[in-house]
Amino acid sequence: MLFDDDLPDLDTATGYRGPTACRAAGITYRQLDYWARTGLVEPSIRPATGSGTQRLYSFRDILVLKVVKRLLDTGVSLQQIRTAVSHLRERGVDDLAQITLMSDGASVYECTSADEVIDLVQGGQGVFGIAVGRVWREVEGTLAQLPSERAEEDDELVGEPSPHDELAMRRQARSAG
């Protein structure tokens, strides 16, 4: 089903560390780090503020990461993905769950009604769709089995890196050694 409006409210104070976001979105840590540094998908709960700090991604961030991954897997260019992500950022979470992204391999289209799907397909060009509501449920199911943490206002001190955060463990070993 392309359009579904029965999605739950989000907890905006719960975040997920990089390795958890990677597993939920199906991407590598290197992709996550690159996309955060280049501004494609930045963590909205807690950005990195220097070496050793932990980024904290929201559910919505992970949803966008998974959509970006799906677009890349279908051959959409990074430039078109950046345009699509910029458009998604301008929309509210409720709207985000209602859209389906369509592509003919060269462009990405937003589709919000069944009538629009028909209009796009009648052009004779092959298209694929990503039902963001379905991706939402996939991310939600995956994150239910992975660790999360609450964002704290006074989160200045960073403790030991998570055993799942390979990059932080390597940095710590390099600086100790």
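Residues numbered from 1 in each chain as written. Predicted model: local features only at pLDDT ≥ 70, side-chain atom pairs only at ≥ 80, totals over all residues. Heavy atoms only, no water.

(A) Layout of the environment of Leu65. Topologically, Leu65 is positioned in helix H3 (residues 59-73). Sequence separation between Leu65 and Glu42 is 23 residues, and the spatial gap between their C-alpha atoms is 9.5 Å. Not counting residues within four places of it along the chain, the set of residues in contact with Leu65 comprises Ala21, Ala25, Ile27, Leu32, Trp35, Val41 and Tyr57. (Helix = DSSP H or I, 4+ residues; strand = E, 2+ residues; numbered from the N terminus. Contact = heavy atoms within 4.5 Å.)

(B) Up close: the packing of H3 against helix H7 (residues 132-143). Packing of H3 against H7 brings their axes to within 9 Å, and their N-to-C directions diverge by 120°. As far as their axial angle goes, H7 and H3 are oblique. In the crossing of H3 with H7, the sense of the turn from one axis to the other is right-handed. For the pair H3 and H7, the contacting residues are Phe59, Ile62, Leu63, Lys66, Val67 and Arg70 in the first and Val132, Val135, Trp136, Glu138, Val139, Glu140 and Leu143 in the second. The residue inventory of the contact of H3 with H7, partitioned by class, reads nine nonpolar, no polar and four charged. (Axes fitted to C-alpha atoms, helices over the stretch in contact; angles between N-to-C directions. Parallel < 35°, antiparallel > 145°, perpendicular 65-115°, else oblique. Left-handed = near helix turned anticlockwise from the far one by under 90°. Nonpolar A, V, L, I, M, F, W, Y, C, P; charged D, E, K, R; others polar.)

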